[in-house]
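For reference, the chains in residue letters:
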Amino acid sequence: MTFTAPLALVFLIVLPLVLWIGRPRLTYRRGRDLSSLALRVIILTLVILALAGTQSVRAADRLAVVFVVDSSDSMGAEAAAAQETYIRDALAAMRPDDQAAVVSFGGNALVERAMSSVRELGAIRSTPNTGNSDLEEAINLGLALFPAGTARRLVILSDGLPTVGDAERAAQRAAALGVEISYVQFERDPVPDVAVTDVLLPPSVGAGQSFDLSLTVESETDTPAVITVEAGGITLSRESVTLAQGVNRYTLPLTAGEAGFRDFRVIVTPSQGDGFYQNNQLSAFSRVVGAPRLLVVSRDAAVPVTGGADATESGYLRDALTALGFEIDVRPPDALPIGVAALEAYDAVVLVNIPATLLSTRRMEALQTYVRDLGGGLVVIGGAETYAPGGYFRTPLEATLPVEMQLRDQQRIPQLTLAYVVDRSGSMAMIGSSGVENIELAKEALLRSIEFLQPTDRAGVVGFDSQAYWVADVQPVLDRFTLQALIGSLQPGGGTDIMAGMRLAADVMRAETSERKHIILLTDGGANDRGLVDLVAALNQDDDVTTSVIAIGGQNPGFLEEMAQAGEGNYHVAQSIESIPTIFAQETVLATRSYLIEGAFTPARADLGFLQNFTAAPPLYGYVATTPKDTAQVLLVTPDAFADPLLAAWQYGLGRAVAFTSDATARWARDWVAWDGFADFWNQTVRWSIIEGTDANLETRVILEGETARIVVDARADDGAFLNGLALDASLIDPALGVDNLTLQQVAPGRYEAAFRPGAEGAYLISVAAVNAADESAAESPFRQTAGWVLSYSPEYALRTAGRESILPALAAVTDGRSLAGSPALAFDHNLMAGEAVTPLAPILLLIAALLLPVDVAVRRLVITRSDLARVRAAFGRRQPADVSETVSSLQAAKQRAQARTQEQAQVTVNAAAPGAAGITPTDSLPDSPASAIPAAAPTPPLPDYGDAGNLAGKLLQKRRPRDENHP
């Protein structure tokens, strides 16, 4: 027996004091006091022993085994099946008192089965990160599963090729804890493998300069293959080669393009079988140095700049910027780069009258990341199809711009009643490229559209298949939550009857009194078209109800466009189902007819800002109404009572964004394009969006340590001195456009670091900037740098010819373990020193003390006689005990005899008191006195018979005899 807190035993010195205080003082209750004192001493002793942590220690012959299963990619499917078979065979040899647990590991470790004595094992379903092998973490997790009081063995089933962690350090910890590490060696079935092991590029090249790309490919067999080189998603080179077994080196001549970062990716595709596909590609970075460049996105990208500028949307702007020395690259909206690395090649991006419906969500997200996290510039030039009419509401583009699409002044917007007629037929259950059902995107579109409406507007939703019904009756938009909840009930199923849905909406829309009434029909058109065009035309002519049609799917029958024309609405063909929410938002704006403001006006100066020498400008003839955001800088406004922003700018993350709500064409800016200050105005606007900075003072690199990487930045002044006390932030953009914002901490003179865990393999962009402590902005910082880093594939996919050897024998040697290959039963071999089983006794001691406490109270407070015990026994027994029955019979007989004697004595007394009794008359008592004057003496009551004191009844009657002088 041992104690975990032996110091608590000092409280035993109070026992003599308890004995002294509780000693018996009254003779008649001495027995009960002694019993109570003994109980109190026992209770106090038990509590003190529990506080001291009393525990029982005994030898134990129980064995606990933890199986550590390697689930990384280097094992292969056949090895995984063999591991499960081995564990099941081992569990069959487990003794009843033994226990086993299973840990599955890759880049991390997971408990597949907790410690248990059950002999069955189900399929291993844990899914750790299979791209790495962290044996150290797996061993540490296994050590935490062992119970106390057992012999402990850890069995590793692996190829013994960890890629991260320090497995030897974990083995030393196991040896210190008395845990044996044994192992079963597994190997992946040999399959010839090809791997790209190195790609070399010059760190920087000039724009248009020729350079060489060197790559190294290792192959385990002779095989034909195709080598492809890509940059920014564009294929630069594709060459067929024959790989020889061993190391193959190639040099490919390339020509640098425009300025900026270029991420090059080399892909090798062997024609024969390949062990790992993950090691068939590798990326590299190079910086192309050149003059500042602009990317102009316009739908007239194919139109020449000269000789027809007045017929294009971007012609005047392109002429002006080219004359100012900008390098211009013009692309249509569908050619806007999706990758951030490709956008980083430009100093600024200019959108010219581009609706959001022509930009996919991924492209808008790339623009947002480019500005916010890479410090790029964005200039959006308006037109009739931009901002709110262009469907910018609730898009990443709206979040990036300094203006929001929704007008806050409700008085300037006429009341609108909007009816949504939505096809809910079975085709809407199809799943698009976004991974969700079409009906779910339709719901999202409805919700976004309703969010744009004003509280005074009215809206309703009709759903139709082969029949039609009101999903949400036409009601004020004030209660948006109710509308949104009703929209959520839309479910696909059934046929398609467009007429049923349109008739249901038409009946209600005719009775509406709003200034604007509009119907939006969403369908794939798979229905009878009879009467639809006539119905829409009648609604428009007789009741001023406009109708727009959004066609989805691949059919798009012609009558849908005819319906939109007859209803004086718009016809949209959703090229991708993901564009439906943007189209709905665009339609909602167009239905109000209040966002396009046309008419001559002269811009008014609102803020000095970056515009210099701007005193007077020609009039403009239209703009798109927007609302400036709270932190936006408004430089030009319209002169009317609304003072809408015409030119607004702001800092967005690390970059800048500018919104010009008029256009740069001959439609609204016909006087501006001939204005002498036109080129200077756009020169100042575009150049302000480009953040000028220097990276000569910063040197950024990334160090990979296992699964964790560190961004290391060295900061030095121009004279080489360390720059200390900087507040540096870094934006990390992964290959999937995910952004991680990090704050760098100074760890040494001039050195700043931040750690992160990279995920996907490929090219990462890192933008580092010093934060201005005054406003927490990095825009004006002189210390900025954008760097690139490539995460290569894991060593898990390295070739087996790389010379790596299994470390399992070394780990087993540290703990005196051995190989258990081929003998699963040895996993439960009881050849280890039996451990000591320690059982805490404190709970048992406290339980006994708690049970004795009421006994102590009963001894002190209750008086229990033999008769009480007899009654208790009688109450819990089925019949009375024999001795109790005899006693009761004796008492009853004694009672009857006493009653008989009492009656006889009473009769004698009565007879003695009667006249003439014993020869005495009343007059004979006192001869000298009248008989009536002397009262008769009261007869003395007879003594009751108290029975024979020799039996029990007599004793009881004797105790009842009064203690007085008449009955001594």
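Note that the structure is a prediction, hence the values are computed from the model and not measured.

Draft legend 1. Local environment of the overall build of the protein. Counting its regular elements, the protein contains 21 helices and 42 strands. Surface summary for the protein: the accessible area is close to 45800 Å², and the carbon and sulfur share equals 53%.

Draft legend 2. Up close: the sheet that holds strand E5 (residues 109-116). Ordered in space as E5-E4-E3-E6-E7, the five strands form an open sheet in which the pairing is mixed. Each edge of the sheet is formed by a strand with only one pairing partner; in this case those strands are E5 and strand E7 (180-185). With direction set aside, neighbouring strand axes in the sheet form an average angle of 15°. Pairing between strand E3 (residues 63-70) and strand E4 (residues 99-105): seven bridges, direction parallel. Along E4, the bridge assignment pairs Phe67 with Val102.

Draft legend 3. Examining helix H16 (residues 678-689) more closely. The terminal C-alpha atoms of H16 lie 17 Å apart, and with 12 residues this matches the ideal 16 Å at 1.5 Å per residue to within 8%. For H16, the tally of buried residues reaches nine of 12 residues, placing the bulk of the element in the interior. All of the buried residues along H16 are Phe678, Phe681, Trp682, Asn683, Gln684, Thr685, Val686, Trp688 and Ser689.

Draft legend 4. Quick look at the packing of aromatic side chains. A full pass over the atoms with the stated rule returns 17 aromatic pairs. With 5.0 Å between their ring centres and 25° between their planes, Phe610 and Trp688 make a pair best called stacked. One end of the pair, Phe610, is in the loop between strand E28 (604-605) and strand E29 (620-624); the other, Trp688, is in helix H16, with 78 residues separating them in the sequence. Of the two residues examined, Phe610 and Trp688, each falls in the buried class.

Draft legend 5. Main features of the packing of helix H2 (residues 30-51) against helix H18 (residues 842-861). Across the interface, H2 lies against H18 with an axial gap of 9 Å and an inter-helix angle of 160°. As summarised for this structure, H2 and H18 are arranged roughly antiparallel, according to the angle between their axes. Note on packing geometry: the crossing formed by H2 with H18 is left-handed. In contact with Arg32, Ser35, Ser36, Leu39, Arg40, Ile42, Ile43, Leu46, Val47, Leu49 and Ala50 of H2, H18 contributes Ala842, Leu845, Leu846, Ile848, Ala849, Leu852, Leu853, Val855, Asp856, Val859 and Arg860. Split by residue class, the contact of H2 with H18 holds 16 nonpolar, two polar and four charged.

Draft legend 6. Spatial organisation of the packing of helix H10 (residues 438-452) against helix H11 (residues 480-487). One can describe the packing of H10 onto H11 by two numbers: an axis separation of 10 Å at closest approach and a directional angle of 170°. Judged by the angle between their axes, H10 and H11 are roughly antiparallel. When the axes of H10 and H11 are compared, the crossing they make is right-handed. On H11, the residues touching Lys443, Leu446, Leu447, Ile450 and Glu451 of H10 are Arg480, Leu483, Gln484 and Ile487.

Draft legend 7. Geometry of the sheet that holds strand E19 (residues 377-381). Taken in spatial order, the eight strands of this open sheet run E17-E16-E18-E19-E33-E32-E31-E28, and their pairing is mixed. Across the chains shown, the open sheet's two edge strands, defined by having one partner strand only, are strand E17 (327-331) and E28. Inspection of the sheet shows E28 paired to strand E31 (residues 633-637) by two bridges, in the antiparallel sense. Opposite Arg605, over in E31, you have Leu636 as the bridge partner. Together, strand E16 (293-297), E17, strand E18 (348-352) and E19 form the strand contacts of helix H6 (residues 315-323), whose direction differs from that of E17 by roughly 155°. Contacting E18, E19, strand E32 (645-652) and strand E33 (655-660), helix H8 (residues 361-374) crosses the sheet at an angle of about 140° to E18.

Draft legend 8. Spotlight on H10. Taking 1.5 Å as the rise per residue, H10 with 15 residues should run 21 Å; its terminal C-alpha atoms sit 22 Å apart, in good agreement. In terms of burial, H10 is largely enclosed, as 11 of its 15 residues are buried. For H10, the set of buried residues is Asn438, Ile439, Leu441, Ala442, Lys443, Ala445, Leu446, Arg448, Ser449, Ile450 and Phe452.

Draft legend 9. Molecular detail of unusual backbone geometry. Backbone geometry places Asn353, a non-glycine residue, at a positive phi of 50°. With respect to the secondary-structure elements, Asn353 resides in the loop between E18 and H8. Given a relative accessible area of 10%, Asn353 falls into the buried group. Of note, Glu568 is a non-glycine position whose phi angle comes to about 55°, a positive value. Relative to the assigned elements, Glu568 resides in the loop between helix H14 (558-566) and strand E26 (571-573).

Draft legend 10. Up close: the environment of Leu243. If you trace the backbone, Leu243 turns up in strand E12 (residues 234-243). Spatially, the C-alpha atoms of Leu243 and Thr223 are 5.3 Å apart, while their sequence positions differ by 20 residues. With residues near it in sequence (within four places) discarded, Leu243 still touches Val194, Val217, Ser219, Thr221, Asp222, Thr223, Ala225, Asn248, Tyr250 and Val268.

Draft legend 11. Representation of the confidence of the model for the protein within the structure. Mean pLDDT over the protein: 82, with 85% of residues reaching 70 or higher. Every residue in residues 305-310 is under pLDDT 50, and counting partners more than four places away or in other chains gives seven contacts.

Draft legend 12. Representation of the pattern of salt bridges in the model. Counted according to the given criterion, the structure contains 23 salt bridges. We note a salt bridge from Arg40 to Asp856, for which the minimum N-O separation is 3.5 Å. Residue Arg40 is found in helix H2, and its partner Asp856 is found in helix H18; the two are separated by 816 residues along the sequence. Classification of Arg40 by relative accessible area gives partly exposed; the value is 37%. For the salt bridge of Glu753 with Arg710, the shortest nitrogen-to-oxygen distance reads 2.9 Å. With Glu753 in strand E39 (residues 751-756) and Arg710 in strand E35 (residues 708-715), this pair connects stretches of sequence that are 43 residues apart. Through salt bridges with shared partners, a single network forms among Arg293, Glu327, Asp329 and Arg331.

Draft legend 13. Structural context of the nonpolar core. The biggest cluster of nonpolar side chains holds 89 residues, and the ones touching the most others in it are Leu351, Leu378, Trp672, Phe681 and Trp682. Once residues within four sequence positions are removed from consideration, Leu351 is found in contact with Val297, Leu359, Leu367, Leu378, Val379, Val380, Ile381 and Leu397. Among the nonpolar cores identified, the runner-up in size contains 30 residues, and Val229, Ala231, Val268 and Val288 belong to it.

Draft legend 14. Quick look at the pairing of E5. Taken together, the five bridges between E4 and E5 define a ladder with antiparallel strand orientation. For Val102, the partnering residue across the bridge sits in E5 and is Arg113. The hairpin turn running from E4 into E5, its antiparallel successor, is three residues long.

Draft legend 15. How the structure looks around the pairing of E35. Of all eight residues making up E35, seven are buried, and the element is well covered by its neighbours. Examined bridge by bridge, strand E34 (residues 698-705) and E35 share eight bridges and lie antiparallel to one another. Each bridged residue has a counterpart across the sheet, and for Thr700 the counterpart in E35 is Val713. Between the end of E34 and the start of E35, which pair antiparallel, lie two residues, with Gly706 showing a positive phi angle near 70°.

Draft legend 16. Looking closely at the side chain of Lys629. Relative to the assigned elements, Lys629 resides in the loop between strand E30 (627-628) and E31. The buried charged residue Lys629 lacks any salt bridge, with Glu398 as its nearest oppositely charged partner at 6.2 Å. Of the polar contacts made by the side chain of Lys629, one reaches the backbone oxygen of Leu401; its length is 2.8 Å. For Lys629, the contacting residues outside a window of four places in its chain are Glu398, Ala399, Leu401, Pro402, Val403, Glu404 and Trp650.

The rules behind these values
Throughout this document, residue positions are counted from 1 along each chain, in the order its sequence is written. Reporting of local features is limited, given that this is a predicted model, to residues whose pLDDT is at least 70; pairs of side-chain atoms are given and counted only at 80 or more, and all residues count toward the totals for whole chains, interfaces and linings. To obtain the side-chain values, all non-hydrogen atoms of the structure were used and water was disregarded. Runs of E in the DSSP output that reach at least two residues are strands. Runs of H or I that reach at least four are helices, and both are numbered from the N terminus. Only the protein chains shown count as cover for residues, and the accessible areas themselves come from Shrake-Rupley with a 1.4 Å probe. Between any two strands, pairing holds if DSSP finds at least two bridges. The angle between two axes is taken between their N-to-C directions and runs from 0 to 180 degrees, where each axis is a line fitted to C-alpha atoms and a helix contributes only its stretch in contact. One less than the residue count of a helix, multiplied by 1.5 Å, gives the span that helix is expected to have. For the exposure calls, accessible area comes from a 1.4 Å probe over protein chains only, and a residue counts as buried if that area is under 20% of its type's maximum, exposed if over 50%, partly exposed in between. Only Phe, Tyr and Trp rings take part, Trp by its six-membered ring, and two of them pair if their centres are within 6.5 Å. Stacked means planes under 30 degrees apart, edge-to-face means over 60, and tilted covers everything else. Oblique is the label for any angle not covered by the other classes, which are roughly parallel (under 35 degrees), roughly antiparallel (over 145) and roughly perpendicular (65 to 115). In this scheme, a crossing is called left-handed if the near helix is turned counterclockwise away from the far one by less than a right angle; it is called right-handed if the turn is clockwise. Residue contacts follow a heavy-atom distance rule, with two residues in contact if any of their heavy atoms lie within 4.5 Å. Throughout this entry, Asp, Glu, Lys and Arg are counted as charged residues, while Ala, Val, Leu, Ile, Met, Phe, Trp, Tyr, Cys and Pro are counted as nonpolar. The remaining residues, Gly among them, count as polar. Per-residue confidence from the predictor is given as pLDDT, running between 0 and 100. Salt bridge, as applied in this entry: a Lys or Arg side-chain nitrogen positioned within 4 Å of an Asp or Glu carboxyl oxygen. Throughout this description, the term nonpolar core refers to a set of buried Ala, Val, Leu, Ile, Met, Phe, Trp, Tyr and Cys residues connected via side-chain atoms within 4.5 Å. A residue counts as positive if it is Lys or Arg and as negative if it is Asp or Glu; His and the chain ends are not included. Counted as a polar contact is a pair of N or O atoms within 3.5 Å, where, for protein atoms, one must be capable of donating a hydrogen and the other of accepting one, and residues adjacent in sequence contribute only when both atoms are in side chains.

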